[in-house]
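Report on the structure
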Amino acid sequence: YRNLLPALTYLPVELVAVCDVNEDLARRTAEQYTAGRFYTKAADMYAKEDLEAVFISVSPHMHPELVCEALAAGLHVWLEKPPAIRVVGVEQMLAARGERVVVVGFKKAFMPATAKVKELIAGEDGGPLWSMLAEYHQKLPEDGRAVLESGETGPHWDLCHPLSMMLEVGGEVAAVVGHRAKLGGGSCVLEFGS
């Protein structure tokens, strides 16, 4: 309601239908954004509507299942970050993708500033990237493994913002070293293959 749906007003996109397990919310959203039709099951929407793509904005726990369902229906997909809780979920989506486009809302990777950094590095006066620093003040969970096992979501998932920018600029990561301090802060050093 704050970012995605209002942004559709400015895009060359026609919102055809809305799907939400909460029927009242689906109805109100469809009315507010003049989608016309609403559904409580994605499979029903895929079967009855002539769609090209879907925007999926739910808990990352649900992404693999819902993305694979949309891909099986022949649709392109945009989904909110992070794409999944575990790597196996990303692997499932990649295996199901085929020729369809799947984009994750890693907004920092698509910022004009990120594109400019890449342009400067690749330019005639540029050169190899020696180092970069991204600070993102966020308390890290005490036991990351326990957080994954519990299925807990929270603000720590926002760490994907600086990471997405760094991956876009630096490329493939060859090694990772992490440290979590007693009070919850920490650092992560990425060694890029480049």
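For the structure, see preceding data.
This text gives an overview of the structure that appears in the document. Given the structure is predicted, the values throughout are model-derived calculations rather than measurements.

Rules and cut-offs
- Residues numbered from 1 in each chain as written.
- Predicted model: local features only at pLDDT ≥ 70, side-chain atom pairs only at ≥ 80, totals over all residues.
- Heavy atoms only, no water.
- Patch = residues over 30% accessible without salt bridge, like charges linked within 9 Å, V, L, I, M, F, W, Y side chains within 5 Å.
- Areas by Shrake-Rupley, 256 points an atom, 1.4 Å probe, with all protein chains shown as cover.
- Salt bridge = Lys/Arg side-chain N within 4 Å of Asp/Glu carboxyl O.
- Helix = DSSP H or I, 4+ residues; strand = E, 2+ residues; numbered from the N terminus.
- Buried < 20%, exposed > 50% of the residue type's maximum accessible area, 1.4 Å probe, protein only.
- Pairing = 2+ DSSP bridges.
- Axes fitted to C-alpha atoms, helices over the stretch in contact; angles between N-to-C directions.

1. Considering a nonpolar patch on the surface
Judged by side-chain polarity, Leu11, Val13 and Phe55 come together as a nonpolar surface patch covering roughly 250 Å² of accessible area. Within the secondary structure, valine 13 is located in the loop between α1 (4-8) and β1 (17-19). Here valine 13 falls in the partly exposed class, since its relative accessible area comes to 38%.

2. Observations regarding the sheet that holds strand β5 (residues 102-104)
Spatial strand order, β3-β4-β5: three strands in an open sheet with parallel pairing. Looking at strand neighbours, the two that pair on one side only are β3 (53-56) and β5, the edges of this open sheet. The mean inter-strand angle of the sheet, taken between neighbouring strand axes irrespective of direction, is 10 degrees. Bridge count between β3 and strand β4 (residues 76-79): four bridges; the pairing is parallel. Looking at the pairing, alanine 53 lines up with histidine 76 of β4.

Take it as geometry only, folks, not as evidence of what the structure does.
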